[in-house]
Amino acid sequence: MDQAVEKQTIAAAATPLTEAEKNAIIGGVLLSMLLAALDQTIVAPAMPTIGHALGHAQYLPWIVTGYLLTATAMAPLYGKISDVHGRRPTVYAAILIFLLGSLVSAMAPNMLVLVVGRAIQGAGGGGLFALAQTVIGDLVPPRERARYAAWISGTWAVASIAGPLLGGTFAEHLHWSLIFWINIPLGIAAMAIINKPLRKLPVAAKRHRIDGLGALLLIAATALLLLALNWGGSEYPWLSREILGLVASSAIIWCAFALRLLRAAEPLISLEVLSNPIVLGGTLSLFLLQASNIGLSVYLPVYLQSVIGLSASESGTALLGLMLGTVAGATFSGRTIPRFVHYKRIAMIGLAFAAVCLAILTLVAGQASLLVVEILTTCIGIGSGTTFPVATVSVQNAVDPKHLGVATGVMTFLRSLGSALGVAILGAVALGNGLPLAGEGAQAGGAVAGTSAFWVIFAAAVVMLILALLTLSLMPEKPLRGRPEAPVLAD
């Protein structure tokens, strides 16, 4: 394997990629990332139809949970594997595993097989999230990389909008299995696009091994924690023996994983990466930002239905302001970063702006009109969106190329974990204040007791944004590597 890796590296150095080949690779990996992102959003509208067709509707939440568990837990492992064995075989493996899961899900005769298929999908999808950003990091120097982060945000926005529309249409007018069959041609197309040019991509690391025990500990600790976050407050009370047992077991295994990192000859996640203050600051700020954003996107439709009086479909459409604002903020940030020395200030100003707008929404939550809510949520999206390119580029710029996959995998892992934690925290806040949860309280105005108290949820999201801002402010700033002739403004 080492000789094959060395030959790939030498061949790649001898035949540099053209701009057309670079664009083909980026298009291919973004298409594969779109597949994984779509499968987080396309299933929800079809779940009632699936439950009716396969039975055992009580296990429907596992269609989402199974995907989330494996996708989150596998992200750091893919980063390490790609650093050792190269991007091309790792990307191909992730796509093939994802397509296998899609095939199992589409042909599932019962709910158990469907849940297994979704878990297999997640095992591939988690790699696609991390590898798309890693491959872009290989191709583009950090100073020019930020604008591609906007493409990633756009990919997520497309998935957020197209997923529910496709899922609902397939389930209502065609057949629910099409939400999985559609992945097959798209995945094959992505592999065909990146096949030839990705051969030229060099492998930075050589003669390394995968820490199998460390990988198992990481997957087990993450799975137990996510199960606690998903079941707490819904399947079991937060202080029940089941949830406390899951949390305690996860904590014990996390401690074992930490010891493994300290003692392993070559740990799964390099201590050099973990101890880097830029990596810590960037990943933690994304963790907190994602906790706020995803939690807000889950409970904002409930607010719009309960307080503003919108229908379920109207509240989904009203989320476009937040989503498109996030893409606009990421695009602005990505295009602006190369022009400034102190590029971190772009995200800090954006986060501060988002926190102020969310604080205003908190204050007027009980009597705001739909227009005011749309303006504020769009501004929140614009402000928070500026952070994604800054944090991503900062983390990737802070590590050596041989650790790029690991650093990006850790960042993807914490971003996904932040999503689960944000929903869990805001859900606990909602339950603690007698607020309606998703699917409840769709009546308008004051028909549901306590709907004016949604400010508590928004206030919790504000705290998360402020913590993300503080974390980012403590992150050191390192000059971006790039072409020397690139214009830079000394702000």
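The residue numbering used here restarts from 1 in each chain and proceeds along that chain's sequence as written. Local features in this predicted model are restricted to residues whose pLDDT is 70 or higher, and side-chain atom pairs enter the listing and the counts only when it is 80 or higher, whereas totals over whole chains, interfaces and linings include all residues. Excluded from the side-chain calculations are hydrogens and water; all other atoms, namely the structure's heavy atoms, are used.

Focus: the overall build of the protein
So, step 1. In DSSP terms, a helix is any run of H or I states spanning at least four residues, a strand is any run of E spanning at least two, and both are numbered starting from the N terminus. Helix and strand counts for the protein come out as 20 helices and zero strands.
So, step 2. Categorising residues by exposure relies on relative accessible area from a 1.4 Å probe, with only protein chains included: less than 20% of the type maximum marks a residue as buried, more than 50% marks it as exposed, and the intermediate range marks it as partly exposed. The buried share among the 491 residues of the protein stands at 54%.
So, step 3. Within the protein, contacts between residues separated by at least 24 positions form 85% of all contacts whose residues are at least 6 apart in sequence.
So, step 4. Every accessible area reported is derived by Shrake-Rupley at a probe size of 1.4 Å, with residue values counting cover from the shown protein chains alone. Split by element, the accessible area of the protein, about 19,900 Å² in all, is 69% carbon and sulfur. Residue contacts are defined here by distance: any two heavy atoms, one from each residue, within 4.5 Å place the two residues in contact.

Considerations on the side chain of T392
So, step 1. Of note, T392 is situated in helix α18 (residues 387–398).
So, step 2. Not counting residues within four places of it along the chain, the set of residues in contact with T392 comprises Q133, L286 and M411.

Observations regarding the side chain of T386
So, step 1. Here T386 lies in the loop between α17 (370–385) and α18.
So, step 2. Separated by 2.6 Å, the side chain of T386 and the backbone oxygen of G383 make a polar contact.
So, step 3. Every residue in contact with T386, bar those within four places of it in the chain, is listed here: G329, A330, S333, I346, A347, G350 and L351. Pairs of N or O atoms within 3.5 Å make up the polar contacts considered here, provided that, within protein, one atom can donate a hydrogen while the other can accept it, and that residues adjacent in sequence are counted only when both atoms are side-chain atoms.

Focus: the confidence of the model for the protein
So, step 1. Averaged over every residue, the pLDDT of the protein is 76; residues scoring 70 or more account for 82%.
So, step 2. Here residues 1–14 is modelled with pLDDT under 50, and outside its nearest four sequence neighbours on either side it reaches 17 contacts, counting other chains as well.
So, step 3. A score from 0 to 100, pLDDT tells how confident the predictor is in each residue. Note on residues 438–450: pLDDT is under 50 here. Beyond four places in sequence and across chains, it has 23 contacts.

Observations regarding the packing of aromatic side chains
Each aromatic ring pair is described using two quantities: the centre-to-centre distance and the angle formed by the ring planes.
So, step 1. Stacked, tilted and edge-to-face pairs are distinguished by plane angle, under 30 degrees for stacked and over 60 for edge-to-face with tilted covering the rest, among Phe, Tyr and Trp rings (Trp via its six-membered ring) whose centres lie within 6.5 Å. Applying the stated criterion across every chain yields a total of two aromatic pairs.
So, step 2. A ring pair is formed by W176 and F180, whose centres lie 6.3 Å apart and whose planes are at 85 degrees; its orientation type is edge-to-face. Residue W176 shares its accessibility class with F180, and that shared class is buried.
So, step 3. Consider the rings of W254 and F257, whose centres lie 6.0 Å apart with planes at 75 degrees: the pair is edge-to-face. Note that W254 and F257 are positioned in helix α11 (residues 241–263) at a spacing of three residues, about one turn of the helix.
So, step 4. Residue classification places W254 among the partly exposed residues on the basis of a relative accessible area of 24%.
So, step 5. Classification of F257 by relative accessible area gives buried; the value is 6%.

Considerations on helix α15 (residues 320–336)
So, step 1. Over its 17 residues, α15 runs 24 Å from end to end, which matches the ideal 24 Å to within 8%, given 1.5 Å per residue.
So, step 2. All of the buried residues along α15 are G321, L322, G325, T326, V327, G329, A330, S333, G334 and T336. By definition here, a helix of n residues has an expected span of 1.5 Å times n minus one.

Re the environment of A256
So, step 1. By the secondary structure assignment, A256 is in helix α11.
So, step 2. With 38 residues separating them in the primary sequence, A256 and L218 have C-alpha atoms 9.2 Å apart.

A closer look at the environment of S473
So, step 1. Note on placement: S473 falls in helix α20 (residues 455–474).
So, step 2. According to the relative accessible area criterion, S473 is partly exposed, its value standing at 31%.

Points about the nonpolar core
So, step 1. Side-chain atoms within 4.5 Å link the members of a nonpolar core, which is a set of buried Ala, Val, Leu, Ile, Met, Phe, Trp, Tyr and Cys residues. If you look at the biggest cluster of nonpolar residues, it comprises 123 residues, and the most contacted ones within it are I95, Y303, L358, I380 and F458.
So, step 2. Per-element tally for this core: the top contributor is helix α13 (residues 277–308), with 14 residues.
So, step 3. Other than its neighbours up to four places away in sequence, L358 contacts S292, L296, I380, F458, A461, V462 and L465.
So, step 4. Residues A46, L54, L114 and F180 belong to the second largest nonpolar core, which totals 18 residues.

A word on a nonpolar patch on the surface
So, step 1. By definition, no residue in a patch forms a salt bridge, and every one has over 30% relative accessible area; like charges are joined within 9 Å, nonpolar side chains (Val, Leu, Ile, Met, Phe, Trp, Tyr) within 5 Å. Definition used for salt bridges: Asp or Glu carboxyl oxygen within 4 Å of a side-chain nitrogen of Lys or Arg. Among the surface-exposed residues, V463, I466, L467 and L470 lie close enough to one another that they form a single nonpolar patch of about 340 Å² accessible area.
So, step 2. By secondary structure assignment, the location of V463 is in helix α20.

Overview of α18
So, step 1. Given a rise of 1.5 Å per residue, twelve residues ought to cover 16 Å, and the 16 Å separating the end C-alpha atoms of α18 matches this to within 8%.
So, step 2. Among the twelve residues that make up α18, twelve are buried, leaving the element largely enclosed by the rest of the structure.
So, step 3. Buried residues of α18: T387, F388, P389, V390, A391, T392, V393, S394, V395, Q396, N397 and A398, and no others.

Thoughts on the packing of α17 against α18
So, step 1. Helix axes are fitted to C-alpha atoms over the stretch in contact, other axes to C-alpha atoms as well, and angles between N-to-C directions run from 0 to 180 degrees. Running from N to C, α17 and α18 point in directions that differ by 15 degrees, and their axes come no closer than 5 Å. Viewed along their axes, α17 and α18 adopt a mutual orientation that is roughly parallel. In contact with G383, S384 and G385 of α17, α18 contributes T387, F388 and P389.
So, step 2. The residue classification treats Ala, Val, Leu, Ile, Met, Phe, Trp, Tyr, Cys and Pro as nonpolar and Asp, Glu, Lys and Arg as charged. All others, Gly included, are polar. Residues belonging to the contact of α17 with α18 are distributed by class as follows: two nonpolar, four polar and no charged. Oblique is the label for any angle not covered by the other classes, which are roughly parallel (under 35 degrees), roughly antiparallel (over 145) and roughly perpendicular (65 to 115).

Observations concerning the packing of helix α10 (residues 212–231) against α11
So, step 1. Taken N-terminus to C-terminus, the directions of α10 and α11 make an angle of 155 degrees; their axes are 8 Å apart at the nearest point. If you check the angle between α10 and α11, you find them roughly antiparallel. Handedness of the crossing formed by α10 with α11: left-handed. Across the interface between the two elements, L213, G214, L217, L218, A220, A221, T222, L224, L225, L227, A228 and W231 from α10 touch I243, L246, V247, S249, S250, I253, W254, A256, F257 and R260 from α11. Left-handed describes a crossing in which the near helix is turned anticlockwise from the far one by less than a right angle; the clockwise case is right-handed.

Things to note about the environment of V113
So, step 1. Within the secondary structure, V113 sits in helix α6 (residues 111–139).
So, step 2. Those residues in contact with V113, other than ones at most four positions away along the chain, are V104 and A108.

Quick notes on the state of the cysteines
So, step 1. Two cysteine sulfurs form a disulfide in these notes if their separation is within 2.5 Å. Counted according to the given criterion, the structure contains zero disulfides.
So, step 2. C379 provides the cysteine sulfur closest to C357, a residue in no disulfide bond, and the two sulfurs are 4.5 Å apart.

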